[in-house]
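# Close look at the chain arrangement
One letter stands for each residue in the lines below.
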Amino acid sequence: MGRIFLDHIGGTRLFCCANCDTTLTNRAELISTRFTGATGRAFLFNKVVNLQHSDVQERVMLTGRHMVRDVSCKNCNSKVGWLYEFATEDSQRYKEGRVILERALVRESEGFERNLSDSNS
């Protein structure tokens, strides 16, 4: 088996896998904190990296019927949330292609601030 290649999205506030601390996304990609998952509070993100995706499944949720994929950490295989592939209701289409991370399955930590002027010195 080869080495797992992980991306790093950068940012000053990072969301990481609670199991292995692999970076998944940052605060700048956060769209909404008003979601609920199987473990409680959940967040909707625009871009998330270092994920593995399950096969597409149809789920009936509080907001209607959706086609989703469960998402797991690429490093340790722990489930962290799901990806919205398709929403049947027009009012829910903004979720398509976006990722839900469950608060209980991720950890928020300090990132770093990139200062381009420091790299030119």
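Scroll up for the structure.
Anyway, here's the lowdown on the structure attached to this text.

The rules we used
Residues numbered from 1 in each chain as written. Predicted model: local features only at pLDDT ≥ 70, side-chain atom pairs only at ≥ 80, totals over all residues. Heavy atoms only, no water. Helix = DSSP H or I, 4+ residues; strand = E, 2+ residues; numbered from the N terminus. Buried < 20%, exposed > 50% of the residue type's maximum accessible area, 1.4 Å probe, protein only. Contact = heavy atoms within 4.5 Å. Areas by Shrake-Rupley, 256 points an atom, 1.4 Å probe, with all protein chains shown as cover. Salt bridge = Lys/Arg side-chain N within 4 Å of Asp/Glu carboxyl O. Core = buried A, V, L, I, M, F, W, Y, C linked by side-chain atoms within 4.5 Å. Disulfide = S-S within 2.5 Å. Polar contact = N/O pair within 3.5 Å; in protein donor to acceptor, adjacent residues only side chain to side chain. 1 Å grid on protein atoms, 1.4 Å probe; cavity = no way out; pocket = protein on both sides within 12 Å on 5 of 7 lines; lining within 4 Å. Points joined across faces, edges and corners; volume = space filled by probe spheres on them. Nonpolar A, V, L, I, M, F, W, Y, C, P; charged D, E, K, R; others polar.

## A few points about the overall build of the protein chain
Across its full length, the protein chain carries 1 helix and 10 strands. From first element to last, N terminus to C terminus, the protein chain shows the α and β order β-β-β-β-β-β-β-β-β-β-α. For the protein chain, buried positions account for 36% of its 121 residues. In the protein chain, of all internal contacts separated by at least 6 residues, the share reaching a separation of at least 24 is 46%. Within the structure as shown, the protein chain displays about 7,300 Å² of accessible surface, and the carbon and sulfur contribution to it stands at 45%.

## Some points on the pattern of salt bridges
Going through the model one piece at a time under the given rule, you end up with 10 salt bridges. For the salt bridge of E110 with R13, the shortest nitrogen-to-oxygen distance reads 2.4 Å. You can see E110 sitting in strand β10 (residues 106-112) and its partner R13 sitting in strand β1 (residues 11-17), a full 97 residues away along the chain. Here the salt bridges share partners, and the residues they tie into one network are R13, R27, E108 and E110.

## A closer look at the nonpolar core
In this structure, L24, V48, L51, V80, V99 and L101 are the most contacted members of the largest nonpolar core, which totals 14 residues. Counting only elements with at least two residues in this core, the list comes to β1, β4 (40-45), β7 (64-73), β8 (79-87) and β9 (99-102). When neighbours within four sequence positions are excluded, V99 is seen to be in contact with F43, L44, F45, V48, L51, V71, W82 and L83. Counting 7 residues, the second largest nonpolar core, distinct from the first, contains F35, A42, L44 and V68.

## Considerations on the state of the cysteines
When the sulfur atoms of two cysteines share a covalent bond, that bond is a disulfide. Throughout the structure, instances matching the rule amount to 0 disulfides. In this model C16 remains outside any disulfide bridge; the closest cysteine sulfur is found in C17, 8.5 Å from its own. Overall, the relative accessible area of 3% leaves C16 in the buried class.

## Digging into the side chain of N50
Mapped onto the fold, N50 is located in the loop between β4 and β5 (51-53). Side-chain polar atoms of N50 contact the backbone oxygen of D7, separated by 2.6 Å. From its side chain, N50 meets the backbone oxygen of T23 in a polar contact 2.7 Å long. Once you skip the residues sitting within four places of it in the chain, N50 turns out to touch F5, L6, D7, T22, T23, L24, S72, C73 and K74.

## A short note on the layout of surface pockets
A volume near 270 Å³ is recorded for the largest pocket. In this structure, the largest pocket is lined by 14 residues; those nearest its centre are T36, M61, L62, W82 and Y84. Every element with two or more residues in the lining of the largest pocket is listed here: β3 (30-37), β6 (57-61) and β8. Looking at the lining of the largest pocket element by element, the count peaks at 4 residues for β3. Here the residues of the lining of the largest pocket sort into 6 nonpolar, 3 polar and 5 charged.

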